[in-house]
Amino acid sequence: LPILVETVFDTLNAKAALFAIDEVYNERNTKLPIMVSGTITDQSGRTLTGQTTEAFLISVSHMPLLTIGLNCALGASMMRPYLQVLDQKAPFGVSAHPNAGLPNEFGKYDETPELMAVQIKEFLDEGLVNIIGGCCGTTPDHIKAIADMAKDYKPRAVKQD
């Protein structure tokens, strides 16, 4: 089972987590796959601390990761351009766990499972991701709709240097 360092909005925190994971691995003489997932906070394409998607990738690429990805804050349709950056630049797998759209005025997520699956289909058609899931507002019905649609696709080809 992989370890997931997720909803990263400050890369210094992610680096601290990765350092701690590495220390435990060394102490226990073991290794598990590691996934890191950042959060782009708005359509500026930056984390809360101001990093671009590419800068986020570069700042955690010193570790041999199973995947680098994005989760939370954005719905699938708004996440796509930043996944395209990861697809072009990441030397390992790419993951995506978007929200079911953006929250409404009551903090609820209105995007249907079918609409979310259609938007994620674009990720798969472009070959952008290796692992797909959901974050805020997703329900078992959302995950089922995504899984039913994704089963017909191959994961993204990992680019080797």
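Up top is the structure these notes are about.
My aim in this report is to walk through the structure given alongside it, one point at a time.

With respect to helix α1 (residues 11-28)
Here α1 contains 18 residues, and its C-alpha end-to-end distance of 25 Å stays within 8% of the 26 Å for a straight helix at 1.5 Å per residue. What α1 keeps buried is the set Thr 11, Ala 14, Leu 18, Ile 21 and Tyr 25. On an axial view of α1, the arc spanned by its buried residues comes to 80°, and they lie on one face. Exposed side of α1, more than 90 degrees from the buried face: Leu 12, Phe 19, Asn 26 and Glu 27 are the residues found there. Close packing links the buried residues of α1 with β1 (3-8), β2 (34-38) and α2 (53-60). For α1, the N-terminal cap is Asp 10; the gap from its side-chain oxygen to the backbone nitrogen of Leu 12 is 2.9 Å. With its phi angle positive at about 50°, Asn 29 sits one or two positions after the end of α1.

Some remarks on the nonpolar core
Within the largest apolar cluster, 39 residues are counted, with the highest numbers of intra-cluster contacts made by Val 36, Leu 65, Ile 68, Leu 83 and Phe 123. Examining the composition of this core, we find that 6 residues originate from one element, helix α3 (residues 76-89), more than from any other. Every residue in contact with Leu 65, bar those within four places of it in the chain, is listed here: Leu 18, Ile 34, Val 36, Val 60 and Phe 92.

Things to note about the pairing of strand β4 (residues 93-99)
For β4, a buried count of 7 out of 7 residues is recorded, marking the element as mostly surrounded by other parts of the structure. Judged by which residues are buried, β4 turns out to be covered on both faces: Gly 93, Ser 95, His 97 and Asn 99 on one side and Val 94, Ala 96 and Pro 98 on the other are all buried. Two strands pair when backbone bridges link them, and strand β3 (residues 67-75) and β4 are joined in this way by 6 bridges, in the parallel orientation. Bridged to Ile 68 within β4 is Val 94. At this point the chain moves from β3, through α3, to the parallel β4, and the crossover so formed is right-handed. Both β4 and strand β5 (residues 131-132) contribute to a ladder of 2 bridges, which runs parallel.

Re the pattern of salt bridges
One pass over the full model with this rule turns up 8 salt bridges. The salt bridge involving Lys 89 is made with Glu 54; its shortest N-O contact spans 3.7 Å. In this pair, Lys 89 sits in helix α3 while Glu 54 sits in helix α2, placing the two residues 35 residues apart along the sequence. Overall, Lys 89 belongs to the partly exposed group, its relative accessible area being 47%. For Arg 80, the salt bridge identified is with Glu 126, shortest N-O distance 2.4 Å.

What to know about the environment of Ala 96
Note that Ala 96 resides in strand β4. Taking the C-alpha atoms as reference, Ala 96 lies 13 Å from Ala 147; in sequence the two are 51 residues apart. If we skip the residues at most four places from it in the chain, Ala 96 touches Leu 70, Met 79, Leu 83, Phe 123, Val 129, Ile 131, Ile 132 and Gly 133.

The rules behind these values
Here the residue index of a chain counts from 1 through its sequence in written order. Local features in this predicted model are restricted to residues of pLDDT 70 or higher, and side-chain atom pairs are both shown and tallied only at a pLDDT of 80 or more, whereas totals for entire chains, interfaces and linings draw on every residue. Side-chain numbers come from the whole structure's heavy atoms, not from hydrogens or water. Comment: elements are numbered from the N terminus, with helices defined as DSSP H or I runs of at least four residues and strands as E runs of at least two. Under the convention used throughout, the expected extent of a helix is 1.5 Å for every residue step, that is, one less than its residue count. Any residue under 20% of the maximum accessible area for its type is buried, any over 50% is exposed, and the rest in between are partly exposed; the area is computed with a 1.4 Å probe on protein chains only. Arc, as used here, means the arc of the directions from the helix axis to the C-beta atoms. Any two residues having at least one pair of non-hydrogen atoms within 4.5 Å are treated as being in contact. Polar contact criterion, stated in full: a pair of N or O atoms within 3.5 Å, where within protein one must be able to donate a hydrogen and the other to accept it, and residues adjacent in sequence count only if both atoms are side-chain atoms. What makes a nonpolar core is a set of buried Ala, Val, Leu, Ile, Met, Phe, Trp, Tyr and Cys residues whose side-chain atoms join them at distances within 4.5 Å. Between any two strands, at least two bridges found by DSSP are needed for them to pair. Crossover handedness is defined by viewing with both strands directed away from the observer: a clockwise path from the first strand over the helix to the second marks the crossover as right-handed. Any Lys or Arg side-chain nitrogen found within 4 Å of a carboxyl oxygen on Asp or Glu counts as a salt bridge.

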